[in-house]
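Single-letter residue listing:
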Amino acid sequence: MMMKTTISAKIACLMTSVVLLGGTVSANGSKPLPREGVWRGVFNVSESKVPFNFEFKGKDPKTAVLTLINGARRDDFHVERLGEDSIYVKMNTYDAALVAKLEDNGTLTGEYRSLVPGFRGNSLPFVAEYGKDYRFVEPGKDVAPKHDISGKWEIKTYTKDAVPASIALLKQNGNKLTGVIMTVVGDTRELEGTVQGDEFELSGFTGPSPFIVKGKINDDNSISGEQGFGIYKNVKFDAQRNEKAELPDPYKLTFLKEGYNKLDFTFPDLNGKQVSLSDEKYKGKVVIIETIGTWCPNCTDQTVFLAPWFKKNQSRGVEAIAIGFEQKDDLEYAKYTLGTLKNKYGITYDILFGGIADKKVVAEKLPALNKFVAFPTTIIIDRKGNVREIYTGYTGTVTGKYFEEYEKKFNKVLDELIAEPVPESVSVAYVKGK
């Protein structure tokens, strides 16, 4: 009941916002949905313009879909009608939405806004135009690039906050530029942009807050510029091409404190039942622990990887637990957000609620860890209950060999641990689920 109430309240709030936007109603009482085809949108972020592209399909709200386009990546979102001339596009598992009015001239005007109860000011206005498939520069207005910045770049950032080391993997073809930025906590997902003369720009919007990188290619072939994290912050950087650059080893960043070899915790599941790693269900099993948040895009990508893997391998004596840390320290809210994640990706392993999304909170609730660096963090436990491996962050398929190496090692470690004998104190029949 609480989940339905929460959703209803959000829709009511958004309906009120739409009414305030105003607009002309057609003769039949409502405007049609946006035109089918490709659109170009532009967010206004402080003094920056962050472009994004999407495709709209469907003339019926029951089947209409908005697809965000980022290089080769496609992310689909269901479209709902709000009022007589507006649409509401929930960002799937992220508690945010695009809310937009279809203007008389055919454009869409609206905003990307957080739906987290109690959050204020977390919104970005945008305008979108139909039939424009370019990202930054209109066709015919390109300026010949002076450099080719394809390759691996080691990035140094300048900020008062501690920012993890990062590496950019870029691919340039004429003016067209695509790539991804990796850090120890994960990656930006695929970015798309352009090189014009000695300047470049990249942007990405896949559902979470939009991201932009822009800068200049210097005479010494270094690059410098600024990264914009949507509604959050901007970070200045310099970068040098370095094909040998590597991030810190993600298998060595988080580990157990001296004197510990096991992990212990008790958290509620989505029904409020207290679940502990010491429960009978997990004894004698290889257990995969994930610390996640539905607000975290790398956590979503990791879930896309783990959910089907678990369905395929559970019968081999494996269990998995996702511990969600959400944007509100409230179990009823977590039932909605984590429940949405569960349904969207068909998760069949246990999902628990750990509390508010704060690294310090995670470290306090999992005190055996030396520190907590990133959402997600993967902890693999053997049949005896001992922690055998901890992996910090997650690099998605866009990172190429980095994802392939992760997938290969993940399967190798799990195969080895599954092959280990079941402790004599545990029933073999129980472990195999018989």
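Residues numbered from 1 in each chain as written. Predicted model: local features only at pLDDT ≥ 70, side-chain atom pairs only at ≥ 80, totals over all residues. Heavy atoms only, no water.

**Considerations on the sheet that holds strand 21 (residues 286-292)**
Next up, step 1: Strand order across the open sheet formed by five strands is 23-22-21-24-25, with mixed pairing between neighbours. With partners counted over all chains shown, the strands left at the sheet margins are strand 23 (350-356) and strand 25 (387-392), one partner each. For this sheet, the mean angle separating the axes of adjacent strands, direction not counted, is 15°.
Next up, step 2: Examined bridge by bridge, strand 22 (residues 318-326) and strand 23 share six bridges and lie parallel to one another. Counterpart to Ala322 in the pairing with strand 23 is Ile351.
Next up, step 3: The strands touched by helix 2 (residues 297-313) are strand 21, strand 22 and strand 24 (377-381); relative to strand 21, the strand with the most contacts, the crossing angle is about 160°. (Pairing = 2+ DSSP bridges. Helix = DSSP H or I, 4+ residues; strand = E, 2+ residues; numbered from the N terminus. Axes fitted to C-alpha atoms, helices over the stretch in contact; angles between N-to-C directions. Contact = heavy atoms within 4.5 Å.)

**Description of empty space enclosed by the protein**
With a probe scaled to a water molecule rolled over the atoms, the places where space remains empty come into view.
Next up, step 1: Per the stated rule, a full pass over the model turns up three cavities of 30 Å³ or more.
Next up, step 2: A volume near 70 Å³ is recorded for the largest cavity.
Next up, step 3: Around the largest cavity, the lining residues are Ile155, Ala168, Leu170, Ile181, Phe200, Leu202, Val213, Ile223, Gln227 and Phe237.
Next up, step 4: When contributions to the lining of the largest cavity are tallied by element, the ones reaching two or more residues are strand 11 (166-173), strand 15 (199-204) and strand 17 (223-228).
Next up, step 5: Of the residues belonging to the lining of the largest cavity, the class tally is nine nonpolar, one polar and no charged. (1 Å grid on protein atoms, 1.4 Å probe; cavity = no way out; pocket = protein on both sides within 12 Å on 5 of 7 lines; lining within 4 Å. Points joined across faces, edges and corners; volume = space filled by probe spheres on them. Nonpolar A, V, L, I, M, F, W, Y, C, P; charged D, E, K, R; others polar.)

**Comments concerning the sheet that holds strand 8 (residues 108-114)**
Next up, step 1: If you trace the nine strands from one edge of the open sheet to the other, you get 4-3-2-1-9-8-7-6-5, paired in antiparallel fashion. On the outer flanks of this sheet lie strand 4 (73-78) and strand 5 (80-82), each paired with one strand and no other. In this sheet, adjacent strand axes meet at a mean angle of 30° when their direction is disregarded.
Next up, step 2: With nine bridges connecting them, strand 1 (residues 37-45) and strand 2 (residues 48-57) associate as antiparallel partners. Note on strand 2: the bridge partner recorded for Gly41 is Phe52.

**As for the nonpolar core**
Next up, step 1: Of all hydrophobic cores here, the largest spans 55 residues; its most connected members are Phe265, Ile289, Ile321 and Phe410.
Next up, step 2: In terms of residue count, the dominant contributor to this core is helix 5 (residues 401-419) (seven residues).
Next up, step 3: With sequence-adjacent residues up to four places away left out, Phe265 is seen in contact with Val275, Ser276, Leu277, Ile289, Ile321, Ile323, Leu352 and Leu366.
Next up, step 4: Ala64, Tyr94, Tyr112 and Phe126 belong to the second largest nonpolar core, which has 29 residues in total. (Core = buried A, V, L, I, M, F, W, Y, C linked by side-chain atoms within 4.5 Å. Buried < 20%, exposed > 50% of the residue type's maximum accessible area, 1.4 Å probe, protein only.)

**Description of unusual backbone geometry**
One can expect most non-glycine residues to show negative phi and most peptide bonds to be in trans.
Next up, step 1: In the segment running from Phe375 into Pro376, the intervening peptide bond is cis, with an omega of -5°.
Next up, step 2: One non-glycine residue, Asn92, adopts positive backbone phi at about 50°.
Next up, step 3: Among the secondary structure elements, Asn92 is positioned in the loop between strand 6 (86-90) and strand 7 (96-102).
Next up, step 4: Phi is positive for Arg189, close to 65°, though the residue is something other than glycine.
Next up, step 5: Note on placement: Arg189 falls in the loop between strand 13 (186-187) and strand 14 (191-196).

**Regarding the side chain of Gln196**
Next up, step 1: With respect to the secondary-structure elements, Gln196 resides in strand 14.
Next up, step 2: The class for Gln196 is buried, based on a relative accessible area of 15%.
Next up, step 3: Separated by 2.7 Å, the side chains of Gln196 and Asp142 make a polar contact.
Next up, step 4: Leave out the neighbours within four places in its chain, and Gln196 touches Val137, Lys141, Asp142, Val143 and Asn175. (Polar contact = N/O pair within 3.5 Å; in protein donor to acceptor, adjacent residues only side chain to side chain.)

**Some points on the pattern of salt bridges**
Next up, step 1: Taken as a whole and judged by the stated rule, the model has 19 salt bridges.
Next up, step 2: Across the pair Glu129 and Lys132 runs a salt bridge whose closest N-O atoms are separated by 3.1 Å.
Next up, step 3: Residue Lys132 is classed as partly exposed on the basis of its relative accessible area, which comes to 26%.
Next up, step 4: The residue Arg388 makes a salt bridge to Asp382 at a minimum N-O spacing of 2.8 Å. (Salt bridge = Lys/Arg side-chain N within 4 Å of Asp/Glu carboxyl O.)

**Here we look at the pairing of strand 11**
Next up, step 1: Across the eight residues that make up strand 11, a large majority, six, are buried.
Next up, step 2: In the sheet, strand 10 (residues 151-158) pairs with strand 11 via five bridges, with the strands oriented antiparallel. Across the sheet, Glu154 pairs through a bridge with Ile167, a residue of strand 11.
Next up, step 3: Where strand 11 meets strand 12 (residues 176-183), eight bridges bridge the pair, whose relative direction is antiparallel. The residue bridging Asn173 from the neighbouring strand is Lys176, located in strand 12.
Next up, step 4: Joining the antiparallel neighbours strand 11 and strand 12 is a turn of two residues, in which Gly174 adopts a positive phi near 70°.

**A short note on helix 3 (residues 331-345)**
Next up, step 1: For helix 3, spanning 15 residues, the distance from its first C-alpha to its last is 20 Å, which sits close to the expected 21 Å at 1.5 Å a residue.
Next up, step 2: Put simply, Asp330 is the residue that caps the front of helix 3, since its side-chain oxygen is 3.2 Å from the backbone nitrogen of Glu332.
Next up, step 3: In the stretch just after helix 3, Gly346 is the one whose phi turns positive, near 60°. (Expected span 1.5 Å × (residues − 1).)

**With respect to the pairing of strand 6**
Next up, step 1: In terms of burial, strand 6 is largely enclosed, as five of its five residues are buried.
Next up, step 2: Of the two faces of strand 6, the one carrying Ser86, Tyr88 and Lys90 and the one carrying Ile87 and Val89 are both buried.
Next up, step 3: Alignment of strand 5 against strand 6, held across three bridges, turns out to be antiparallel. Bridge pairing in strand 6 links Leu82 to Ser86.
Next up, step 4: Counted along the chain from strand 5 to the antiparallel partner strand 6, the turn is three residues long, and its residue Gly83 has a positive phi close to 65°.
Next up, step 5: Relative to strand 7, strand 6 is paired through five bridges, and the arrangement is antiparallel. Residue pairing across strands places Tyr88 opposite Val99, the latter belonging to strand 7.
Next up, step 6: From the end of strand 6 to the start of strand 7, which pair antiparallel, there are five residues, and Asn92 there has a positive phi angle of about 50°.

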